[in-house]
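Structure at a glance
What follows is the residue order along each chain.
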Amino acid sequence: MGSPSASSPRSAASTPPTPLAEGDGSGAARPVRPDTSVPEEDDPGPPGAGDPAAAEDDSGPDGGAGAVTGREAPSRDGGSTSSTSGEDPGSPAPGGDATCGPGSGDRHRRVWSRHRYRVGLITAVAALVYELLGMVRLHTFRATTFDLVIFDQAVRGYAHFSAPVSPAVGMLNGRGMDYLQLSDHFSPILAVLAPLYWLRDGPETLILAQAVLFALAIPFLWLYARRSLGIGAAYLVAVAYALSWPIAEAADFDIHEVAFVPVLTAAMIERFQARRYLVSFLCMFALLLVKEDMGLAVIGFGAYLVVTGRRFDGVCVALIGAAWTGLVRGALIPMLGGDTGDFWAYGHLGRNAGELIVNIATHPLQTLALLVDNEGKVDTLVLLGWPVLFACLFSPLTLIAVPHVLERLLSDRPAWWVPDHQYNAFVVAILLCAGVDGVVRVVRIVRKRWPGIDGRVATVAWAACVAAIALTLVPRFGFGQLLHPDFYRRDARAVAAAEASALVPSGVVVEAANEIGPALTARATVIVWGPEARMAPWVVADVNRPVFPFNSPEAQRARVGELVQQGYQAVYDREGYVVLRRADR
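Reading the values: rules and limits
- Position labels on residues start from 1 in each chain and follow its written sequence.
- Reporting in this predicted model follows two pLDDT cut-offs: at least 70 for local features of residues, and 80 or more for side-chain atom pairs to be given and counted; totals over whole chains, interfaces and linings ignore these cut-offs and use all residues.
- Hydrogens and water are ignored here; the side-chain numbers use all heavy atoms of the structure.
- Paired strands, as defined in this entry, are two strands with at least two bridges between them according to DSSP.
- Labels follow the DSSP assignment, with helices taken as runs of H or I lasting at least four residues and strands as runs of E lasting at least two, numbered in each case from the N terminus.
- Axis definition: a line fitted to C-alpha atoms, limited for helices to the stretch in contact. Angles are taken between N-to-C directions and run from 0 to 180 degrees.
- Two residues qualify as a contact provided that any one of their heavy atoms is within 4.5 Å of a heavy atom in the partner residue.
- A helix is expected to reach a length of 1.5 Å times the quantity of its residues less one.
- Think of it in three bands: residues with accessible area under 20% of the maximum for their type are buried, residues over 50% are exposed, and the middle band is partly exposed, with areas taken using a 1.4 Å probe on protein chains only.
- Note on terminology: a nonpolar core comprises buried Ala, Val, Leu, Ile, Met, Phe, Trp, Tyr and Cys residues joined through side-chain atoms within 4.5 Å.
- Patch definition: residues with relative accessible area over 30% and no salt bridge; like charges joined within 9 Å; nonpolar side chains (Val, Leu, Ile, Met, Phe, Trp, Tyr) joined within 5 Å.
- Only the protein chains shown count as covering a residue, and every accessible area follows the Shrake-Rupley method with a 1.4 Å probe.
- Salt bridges, as used here, are contacts in which a Lys or Arg side-chain nitrogen is within 4 Å of a carboxyl oxygen on Asp or Glu.
- Here a pair means two rings of Phe, Tyr or Trp (six-membered ring of Trp) with centres within 6.5 Å. Their orientation is stacked below 30 degrees between planes, edge-to-face above 60, and tilted elsewhere.
- These descriptions rest on fixed angle ranges, namely under 35 degrees for roughly parallel, over 145 for roughly antiparallel, 65 to 115 for roughly perpendicular, and the rest for oblique.
- Ten residues, namely Ala, Val, Leu, Ile, Met, Phe, Trp, Tyr, Cys and Pro, are considered nonpolar, four, namely Asp, Glu, Lys and Arg, are considered charged, and the remaining ones, Gly among them, are considered polar.

Moving on, we come to the sheet that holds strand β3 (residues 509-512). Taking strand neighbours across the sheet as the criterion, the five strands line up as β4-β3-β5-β7-β6 in an open arrangement whose pairing is mixed. The sheet is open, and its two edges are formed by β4 (525-528) and β6 (568-574), each paired on a single side. Recorded for the sheet is a direction-independent mean angle of 20° between the axes of neighbouring strands. Both β3 and strand β5 (residues 538-542) contribute to a ladder of three bridges, which runs parallel. Of the residues in β5, the one forming a bridge with Glu 511 is Val 539. Against the sheet, helix α23 (residues 553-565) contacts β5, β6 and β7 (577-582), and its axis sits at roughly 25° relative to β7.

What follows is the structure in structure tokens.
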């Protein structure tokens, strides 16, 4: 795959604007020497187009794309644009910057050095909030075996230099105690979390790791927004991500491989904007190790490259994404003992990917109708666009998110359609970057029609609205629980759950109700208590509330009766929790 080539130095750049003049007190005007130092105010963004050569010299964490301001430099074609590369003229050019010029590399590094602690503080606070939400859920028995225990068992396997097996999934699916997590979802990137288990072995470690990973997207989003909108707006965008409802829902539902996606997609986009192509493409390849369907995001990235003028690179990237998806689903997962049919949710469109593509291509209107044929789908689409005031619709970056959204909304599984759970966190960073890029494009178009409009004011106003929307959505989603004191306290059932868990000895195999498993997984082998007879030495049942995978409390009580008939003895019964021990133990 060919790497995108950078624009040549000054010969390809727009001519910088003539410096303004200032009075010397005598009524005459004298030219102002260009100032390459950081001004006293935090935002270094004067108007104008940049010199891409300067961005290429920038080795710091910042480097970048043009900001929309009240004035813009003339472009080569006589128009007004901040793009200097000739590629994708409707958006900030990767590597160009309103502040690029002689010494801009040092300037950007100094700007970052002035703000890194503030950005770091936002990142740290966000991580603490995400960690608090997850830990309170674990402490109050709101966390569940599906999916916290699944990932805990897999990472423990990596940490012990053994196979990443997940008995919880294997026994539920009838595939045994040695079932590989990789054959359920292909997520080898989980292995990077293994060293953390050498420090503390347990689900608390995963909750902390996910919190940090979610928060680490913030610096990259700040850098991206700072280049395009300025420093004040960048802080607002960072806050909007930190409070975003997709992150809230993901943090409120145990842990998942999606924890890696916001930081990797934000870094991929931001580093590409900064013309750090090697890092950008490394992040892209890392995405392929997150889950078997992340090749779809890579296909979307290839589409973005194509429509922004890098056609050869885009085609190569899209082919890599398609080939990897086919390899993993068609060969690796079956080879590891999995069944790709487990997650094929498109029988109404075809029996395989080929038939699906043909059906979509030959029936485009019916396919589009499927995207809005359910209230849950419409809610999800609106909630994805509203937090950025639908500015993402004006950016080609949205193409990166489109395949994943289609994968969900075209399926026959209602759980994939709705705003709940972790699925929307796969695209939140992409759509936020697309919103930033989209508002830049909109303001540029509007200013061509009404040149008197101050672009900086318009973009800051947009960023303020985005942050305000994120704040107003907090009570509706997962973070809203943190506002209620009762969320932090164990109720009577949670106290009983803790007592029941404490009765199970360490080192045994235990069938546990879905919400009991996380309390036991660090010291016992947990499988999910279900209607099938598995004859585990210990069982912790819940007969008061419906629990996965049962259909009703009546079925759960009937199952406990069957266990007693099979020789199990009840050693605890309180608040609906029943602990049973096999008589021969």
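That was the structure; now back to the text.
Turning our attention to helix α10 (residues 261-273). Given a rise of 1.5 Å per residue, 13 residues ought to cover 18 Å, and the 18 Å separating the end C-alpha atoms of α10 matches this to within 8%. Of all 13 residues making up α10, 13 are buried, and the element is well covered by its neighbours.

Ranked by size, the top nonpolar core spans 126 residues in total, and within it Tyr 130, Trp 222, Tyr 241, Leu 264, Phe 301 and Trp 462 carry the most contacts. Here the element with the most residues in this core is helix α19 (residues 428-449); it accounts for 11 residues. Residues in contact with Trp 462, not counting those within four places in the same chain, are Leu 229, Val 237, Val 388, Leu 389, Ala 391, Gly 435, Val 436 and Val 439. Grouped together as the second largest cluster of nonpolar side chains are 37 residues, Ala 497, Trp 529, Leu 563 and Val 578 included.

Over its 15 residues, helix α3 (residues 145-159) extends 20 Å from the first C-alpha to the last, a length consistent with the 21 Å expected when each residue adds 1.5 Å. The element α3 is extensively covered by neighbouring structure, given that 15 of its 15 residues are classed as buried. Phe 161 sits one or two positions beyond α3 and adopts a positive phi of about 55°.

On to the pairing of β3. In terms of strand pairing, β3 meets β4 through four bridges, oriented parallel. In the strand pairing of β4, Glu 511 is matched with Ile 527.

Before going further, it helps to spend a moment on a nonpolar patch on the surface. Taken together, the side chains of Val 372, Val 378, Leu 381, Val 382, Trp 386, Leu 389, Phe 390, Leu 393 and Phe 394 make up a nonpolar region of the molecular surface, amounting to roughly 780 Å² of accessible area. The topology assignment puts Trp 386 in the loop between α16 (375-385) and α17 (402-409).

When β6 meets β7, the two strands line up antiparallel, connected through six bridges. Across the sheet, residue Tyr 568 finds its bridge partner in β7, namely Arg 582. Two successive antiparallel strands, β6 and β7, enclose a turn made up of two residues, where Glu 575 displays a positive phi of approximately 55°.

What follows is about the packing of aromatic side chains. Tallying each qualifying case throughout the model produces 17 aromatic pairs. A centroid spacing of 6.4 Å and a plane angle of 75° characterise the contact between Phe 272 and Tyr 304, whose relative ring orientation is edge-to-face. With a gap of 32 residues between them, Phe 272 in helix α10 and Tyr 304 in helix α12 (residues 295-307) connect regions that are remote in the sequence. Centroid distance Phe 281 to Phe 301: 6.0 Å. Interplanar angle 55°. Geometry classified as tilted. Of this pair, Phe 281 sits in helix α11 (residues 277-287) while Phe 301 is found in helix α12, placing the two residues 20 residues apart along the sequence. Note on accessibility: Phe 281 and Phe 301 belong to one class, buried. Ring-pair connections join several aromatic residues into one group, and the members of that group are Phe 272, Tyr 277, Phe 281, Phe 301 and Tyr 304.

Moving on, we get to the packing of α10 against α19. The interhelical angle for the contact between α10 and α19, taken along N-to-C directions, is 30°, at an axis separation of 8 Å. Regarding the angle of α10 to α19, the classification is roughly parallel. Here α10 contributes Pro 262, Thr 265, Ala 266 and Ile 269 to the contact with α19, which in turn contributes Val 428, Ala 429, Ile 430 and Cys 433. Across the contact of α10 with α19, the residue classes tally to seven nonpolar, one polar and no charged.

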